[in-house]
Amino acid sequence: MDFLETCKNIVTEYPLCDSCLGRQFASLDRGFGNKEKGRALKMLLNVHAQALAQSDRKGAFNLAKALAESGYGPSLATLKKLRRKLEIAPKPCYICSGSMDKLAEFAAAASNSLNGVECSTVAVGCRVPLEVEEKEDELKSRFKLRHGENIRYEVTREIGARIERLTGKTIDKIQPDVTLIVSIPGGETEVNINPVFFKGKYRKLVPGIPQTKSPWQDGRGGSIEEIIGTPLLEQTRGEGMKFHGAGREDADVRMTGSGRPFVIEIIRPKRRSVDLAEIQEKINAEHEGRLQVLGLSKADKKAVSNVKIFGEKAKKTYRAIIKLDREICEADLRKLEPKLENATIYQRTPTRVLKRRGDRVRQKRLYKAVLKMVSPDTIEAIFQCEGGLYIKELINGDSGRTRPSFSELAGSEAKCVELEVTDIEEGA
Ligand SMILES: [Zn+2]
C-alpha cells in the first residue's frame, strides 16, 4: 500500500489529533514536529479529497468527513462542496482523547509546581495509561507503521521545552535537581526533589563521639552525623539526611591526621545553594577542640559510592595504647616489630560486630608496626594497615578469631586502651 493510501486509511478509520497522526511518522523528515507534520498530512489528504471528488464522490466525502471530525477545519469547505448542510460532531482523538492539545496547560501547571523549590535543572517524565499505549501499538501493527515514536517521548519533550521557556530552568536528564512526572490525561504533576550532596572530611579530636546516631543513643544529638548534618538539613530545609562515611571508627576512637572523608545526602531539599563556608565555620566554632570539619563543599551522587570505595580501600594509620598483663622490656619490642610488619592477618568477623556483619574470615595486611615503651606494661603502637582491619582485635586476638595477634606474638594478654586513626590514605 502506498504512503498516501495508508494515511487515508488511518484517518478514515481512526479520529486522530494532529500530534497523534504526525507521531506515527516521527522519524521521517525530523525537521518538523509531530503536530506540524500531522497538520500537513491532513492538508495533503484534504487536497486529495477535493481531487477525488471528480471520480469517487463517496470516497471523497468519507475522507473529508473524517478529517473534519478529527479537527481539521478546512475540510468543512470540502464537505460543503460535496453536500450542503452537514452537521459535523468532532470526535476525540482515538489515542490521546485530546491530551496532546493540553500540553501547554500541563506545562504551565508543572512549572507552577516548582514554586518554592530552588532548582536549576529539571527532568520531565510522564505517566501514560496502558490503554493509550495499547491503542497506539494497535494502530502501528495494523498499518505496519515503522517510523513512529512512543507518545511518552513527545509528551516529555514538549512539556520539557515549555518548562524551559516558562521557568528558565535547564532540562537535564542525567542528574536533575528535580524530576517532574506529569500524568496523562489529567495533567497532574508529581514533584520529585532529588537529594543534594555535600562532602568534606572530619577530624574527631576527643573520644566519645559516635559517627552516626544509634537507636539506643540518649538523643542529645551528639553524633558526627548530627553535628555536621543538622545545620545542612536546616539550611536546605530538607526532609531527612543520610550520612555516608569512608569507613567508621568506634565512638571511643579518635580520628585525627587529614581527617575522614564523608558525604551527607539531604533528602527533598527546598534550597540547594547554601553558604557552606559559614556553616563549616559555625560547626567548628561550636565544637572547638572536639570536632573539626574540613573542605565542606557541594558534591554529586557519585561521591557516595566514591567515599564508600575509598573507605574500603584506603590504607590507615593508627596510634594505639596497649596495656599488657605482664611487664615487658625494650628488647622484647624489637623482637615483636619484625613479626608484625608485613604480616598477613586472618581475621574472623569480631564478636562485637557479629550482629551487623556476616561471619567470615578477612585477610588483611599489616604494613608497618612501630612500638614504643610508655611504662613496663604499657606500649604505644603505630600500625599502618590495609583498610578494614579491626585494630582492637589485632591487639587482643578476639579469643583466637584474629591470627596472628599482638597478644599471641607477645605471649601476654594485651588490651587496647586508647585508639586514634591518625591517617587515611588511598591504598595502592
Ligand atoms: Zn491525540
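In this text the structure is predicted, and so the values were computed from the model without any measurement.

Visitor: Lay out the overall build of the protein in plain terms, naming residues and giving numbers.
Guide: Counting its regular elements, the protein contains 14 helices and 14 strands. Radius of gyration (C-alpha) of the protein: 35 Å, far over the 22 Å computed for a compact globule of 428 residues. Taking the principal axes of its C-alpha atoms as reference, the protein extends roughly 115 × 45 × 35 Å. A buried classification covers 47% of the 428 residues belonging to the protein. The long-range share in the protein, meaning contacts at least 24 apart out of those at least 6 apart in sequence, stands at 71%. Approximately 21,800 Å² of the protein is accessible, and the part contributed by carbon and sulfur atoms is 50%.

Visitor: Before we move on, can you summarise helix H6 (residues 103-112) with the specific residues and values?
Guide: When we look at burial in H6, the residues that qualify are Leu103, Phe106, Ala107, Ala110 and Ser111. Projection of H6 onto a plane perpendicular to its axis shows the buried side chains occupying an angular sector of 135 degrees, all on one side. Projecting away from the buried face of H6 at angles above 90 degrees are the exposed residues Glu105 and Asn112.

Visitor: Before we move on, can you summarise the packing of aromatic side chains with the specific residues and values?
Guide: The final tally for this structure, using the stated rule, is six aromatic pairs. Arranged with centres 6.2 Å apart and planes meeting at 80 degrees, the rings of Tyr14 and Phe143 form a pair that is edge-to-face. Residue Tyr14 is located in the loop between helix H1 (3-13) and helix H2 (18-22), and its partner Phe143 is located in the loop between helix H7 (130-142) and helix H8 (151-167); the two are separated by 129 residues in the primary sequence. One exposure class covers both Tyr14 and Phe143, and it is buried. Measuring from ring centre to ring centre gives 5.8 Å for Phe243 and Phe262, while their planes differ by 15 degrees; the resulting arrangement is stacked. Note that Phe243 is positioned in strand S6 (residues 240-245) and Phe262 in strand S7 (residues 253-267), a separation of 19 residues in sequence. Of the two residues, Phe243 and Phe262, neither departs from the other in class, the shared state being buried. Through a chain of ring-to-ring contacts, three or more aromatic side chains come together here, namely Tyr14, Tyr94 and Phe143. Directly above the aromatic system of Tyr94 lies the positively charged group of Lys135, at a separation of 4.9 Å from the ring centroid.

Visitor: Residue-level account of the packing of helix H9 (residues 224-236) against helix H10 (residues 276-286), with values.
Guide: The relative placement of two packed helices comes down to the angle between their axes together with the axis-to-axis distance. Look at H9 against H10: their axes get within 10 Å of each other, and the N-to-C directions meet at 140 degrees. Regarding the angle of H9 to H10, the classification is oblique. As for the relative orientation of H9 and H10, their crossing is right-handed in sense. Facing Ile227, Ile228, Pro231, Leu232 and Gln235 of H9, the residues of H10 in contact are Leu276, Ile279 and Ile283. When grouped by side-chain class, the residues that make up the contact of H9 with H10 number seven nonpolar, one polar and no charged.

Visitor: Please give an account of the pairing of strand S4 (residues 189-193) that cites residues and values.
Guide: As paired strands, strand S3 (residues 178-183) and S4 are joined by five bridges and run antiparallel to one another. Along S4, the bridge assignment pairs Thr179 with Asn192. Between the antiparallel neighbours S3 and S4 lie five residues, among them Gly187 with a positive phi of about 80 degrees.

Visitor: Give a detailed account of the coordination of the zinc ion, specifying residues and quantitative values.
Guide: Donor atoms from the polypeptide that bind the zinc ion are Cys17 (SG), Cys20 (SG), Cys93 (SG) and Cys96 (SG), placed at 2.2 to 2.3 Å. Every donor counted, the four donor atoms about the zinc ion form angles of 105 to 113 degrees at the centre, which fits tetrahedral coordination. You can call Cys20 buried: its relative accessible area is 0%.

Visitor: An account of the pattern of salt bridges is needed here, citing residue identities and associated values.
Guide: Going through the model one piece at a time under the given rule, you end up with 37 salt bridges. For Glu330, the salt bridge identified is with Arg334, shortest N-O distance 2.4 Å. Residue Glu330 and its partner Arg334 are located together in helix H12 (residues 330-340), separated by four residues, close to a single helical turn. Between Arg352 and Glu393 there is a salt bridge, with its nearest N and O atoms 2.7 Å apart. Taken together, the residues Arg352 in the loop between strand S10 (343-348) and strand S11 (361-375) and Glu393 in helix H13 (residues 391-396) connect sequence positions 41 residues apart. Through salt bridges with shared partners, one network takes in Arg254, Arg319, Lys372, Glu380, Glu418 and Glu420.

Rules and cut-offs
Residues numbered from 1 in each chain as written. Predicted model: local features only at pLDDT ≥ 70, side-chain atom pairs only at ≥ 80, totals over all residues. Heavy atoms only, no water. Helix = DSSP H or I, 4+ residues; strand = E, 2+ residues; numbered from the N terminus. Rg over C-alpha atoms; globule rule 2.2 N^0.38 Å. Buried < 20%, exposed > 50% of the residue type's maximum accessible area, 1.4 Å probe, protein only. Contact = heavy atoms within 4.5 Å. Areas by Shrake-Rupley, 256 points an atom, 1.4 Å probe, with all protein chains shown as cover. Arc of directions from axis to C-beta. Phe/Tyr/Trp six-rings, centres within 6.5 Å; stacked < 30°, edge-to-face > 60°. Lys NZ or Arg CZ within 6 Å of the ring centre and 35° of its normal. Axes fitted to C-alpha atoms, helices over the stretch in contact; angles between N-to-C directions. Parallel < 35°, antiparallel > 145°, perpendicular 65-115°, else oblique. Left-handed = near helix turned anticlockwise from the far one by under 90°. Nonpolar A, V, L, I, M, F, W, Y, C, P; charged D, E, K, R; others polar. Pairing = 2+ DSSP bridges. Donors = N, O, S within 2.8 Å, 3.2 Å for Na, K, Ca; no water. Tetrahedral: all angles 85-135°; square planar, octahedral: opposite > 155°, others 65-115°. Salt bridge = Lys/Arg side-chain N within 4 Å of Asp/Glu carboxyl O.

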